[in-house]
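What follows is the residue order along each chain.
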Amino acid sequence: LKWQDPVSSAKLYFQKFPEERIPLWTNPCTDPRHRAILPPSFNCTRKTLPDLLILGPQKTGSTALGSFLTLHPNVTQNTPVPGSFEEVQFFGGKNYLRGVEWYMSNFPNTSTVIFEKSATYFDNPSAAKQAATLIPHAKLIVILQNPSQRAYSWFQHLLAHKDPTAVSSGSLLSILENSTTSSELKVKQRCLSGGKYVHHLDKWLEHFSLQHIHFVDADELKREPAKVLFTISKWLDLPDFEFDAHIRFSESKGFSCRLIEGKTKCLGESKGRKYEPMTDELKRKLDETFQLDNSALFKFLRKNRLQIPEWLEEAVRVTA
Ligand code: A3P
């Protein structure tokens, strides 16, 4: 038997098992052996983990959905996290290494339904497994936005942030057709990735049952937010709430906003930006790019008897 100090033995261990370098957090409160050795600061008697994750993807209306959901008196969101658009961005990201206690510290002590929305989760390759290991009973919401529109919206987001690659490329069409450098390929990947719905859903379905996932049509969310929120609140077994009395369409914003104490509170200017619609040429190119993904999503929803968004019916009909 050979003795090693802990640091050297840890080094040896991770040389042998490099895939374990990132821990996989479980909920220590659910295991009596872990509970027995937790520090006093770790309070297992209160509810500390979310019941619901809004997965995104980015640019699908996830911020609007989260903000409308908090109107319900029995629903609470995480406390805003500075530096990451108020999102916790725990699973699959660098915050994961801050540990379970840090994650729990983002949620208020409340008996209501707690949710967090991190639009970085949906297309992250590690998020599903990490989420299922820590919060296996959580419910999930995925927003289905036409991936062509989502890609364009993401490109507009990059332009608004003066991303040098997006700005110098001139257009999303050019990024799609001429990308060669790693920064161009990265922009392309960021515009396209989230829209490959079935590809990413497969990962989530390895760890969560379909009954735990609710799909929202992004166009319906824009058109009839109160209806979408009503359906979600039924799915979450929440008491009835009149969302339509608390949501109002703003002509100047061009989107629905929350009505709080008689005042219309819209999302900030980075949500619901004003820009030119995409050209027919770009739309054709994007629709072509997503043709197989859209057709896979259509088949998936039909097979599982789930509502098929109008944009998807249309996309599949046009490219059939
Ligand atoms: P655009 O700014 O490109 O129009 P996310 O919050 O997931 O990043 O999504 C941002 C998108 O949400 C916006 O993209 C906008 O189209 C959409 N959206 C849907 N409902 C909205 C609302 N009520 N207010 C603002 N944006 C909304």
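The sections below set out a description of the structure shown in this document. (Residues numbered from 1 in each chain as written. Predicted model: local features only at pLDDT ≥ 70, side-chain atom pairs only at ≥ 80, totals over all residues. Heavy atoms only, no water.)

1. Quick notes on the site of the ligand
Line of reasoning, step 1. Around the ligand, 18 residues are found, and the nearest of them are S62, T63, S153, G272 and Y275.
Line of reasoning, step 2. Backbone polar atom of K59 to an oxygen atom of the ligand: 3.1 Å apart, as the coordinates give it.
Line of reasoning, step 3. A distance of 3.0 Å separates an oxygen atom of the ligand from a polar backbone atom of G61.
Line of reasoning, step 4. Coverage of the ligand by the protein chains reaches 96% of its 570 Å² of free accessible surface.
Line of reasoning, step 5. Counting only elements with at least two residues in the shell around the ligand, the list comes to α3 (62–69) and β7 (255–260).
Line of reasoning, step 6. Class assignment of the residues belonging to the shell around the ligand gives a composition of five nonpolar, nine polar and four charged. (Near = heavy atom within 4 Å. Polar contact = N/O pair within 3.5 Å; in protein donor to acceptor, adjacent residues only side chain to side chain. Areas by Shrake-Rupley, 256 points an atom, 1.4 Å probe, with all protein chains shown as cover. Helix = DSSP H or I, 4+ residues; strand = E, 2+ residues; numbered from the N terminus. Nonpolar A, V, L, I, M, F, W, Y, C, P; charged D, E, K, R; others polar.)

2. Considerations on the nonpolar core
Line of reasoning, step 1. Core analysis: the biggest nonpolar cluster contains 44 residues, and F91, Y103 and W204 have the highest contact counts within it.
Line of reasoning, step 2. For this core, the secondary structure elements donating two or more residues are β1 (52–56), α4 (100–104), α5 (127–134), β4 (139–144), α10 (197–207), β5 (213–217), α14 (291–303) and α15 (310–319).
Line of reasoning, step 3. When near neighbours in sequence (up to four residues on either side) are disregarded, W204 contacts L55, Y121, F122, A127, A128, A131 and L140.
Line of reasoning, step 4. Counting 25 residues, the second-largest nonpolar core is a separate cluster that includes I54, L65, F115 and L236. (Core = buried A, V, L, I, M, F, W, Y, C linked by side-chain atoms within 4.5 Å. Buried < 20%, exposed > 50% of the residue type's maximum accessible area, 1.4 Å probe, protein only. Contact = heavy atoms within 4.5 Å.)

3. Overview of the layout of surface pockets
Line of reasoning, step 1. Estimates place the volume of the largest pocket at around 760 Å³.
Line of reasoning, step 2. In this structure, the largest pocket is lined by 34 residues; those nearest its centre are T63, F85, E87, K117 and K271.
Line of reasoning, step 3. Taken together, the elements giving at least two residues each to the lining of the largest pocket come down to α3, α6 (147–160) and β7.
Line of reasoning, step 4. Considering every element that reaches the lining of the largest pocket, the biggest residue donor is α3, with five residues. (1 Å grid on protein atoms, 1.4 Å probe; cavity = no way out; pocket = protein on both sides within 12 Å on 5 of 7 lines; lining within 4 Å. Points joined across faces, edges and corners; volume = space filled by probe spheres on them.)

4. Remarks on the pattern of salt bridges
Two side chains bearing opposite charge may form a pair once their charged atoms approach each other closely.
Line of reasoning, step 1. Applying the stated rule across the entire model yields eight salt bridges.
Line of reasoning, step 2. A salt bridge links R33 to D31, with the nearest nitrogen and oxygen atoms 2.9 Å apart.
Line of reasoning, step 3. A cluster of three or more residues bridged by salt bridges with shared partners is formed by E220, E224 and K227. (Salt bridge = Lys/Arg side-chain N within 4 Å of Asp/Glu carboxyl O.)

Honestly, it's all geometry; don't read function into it.
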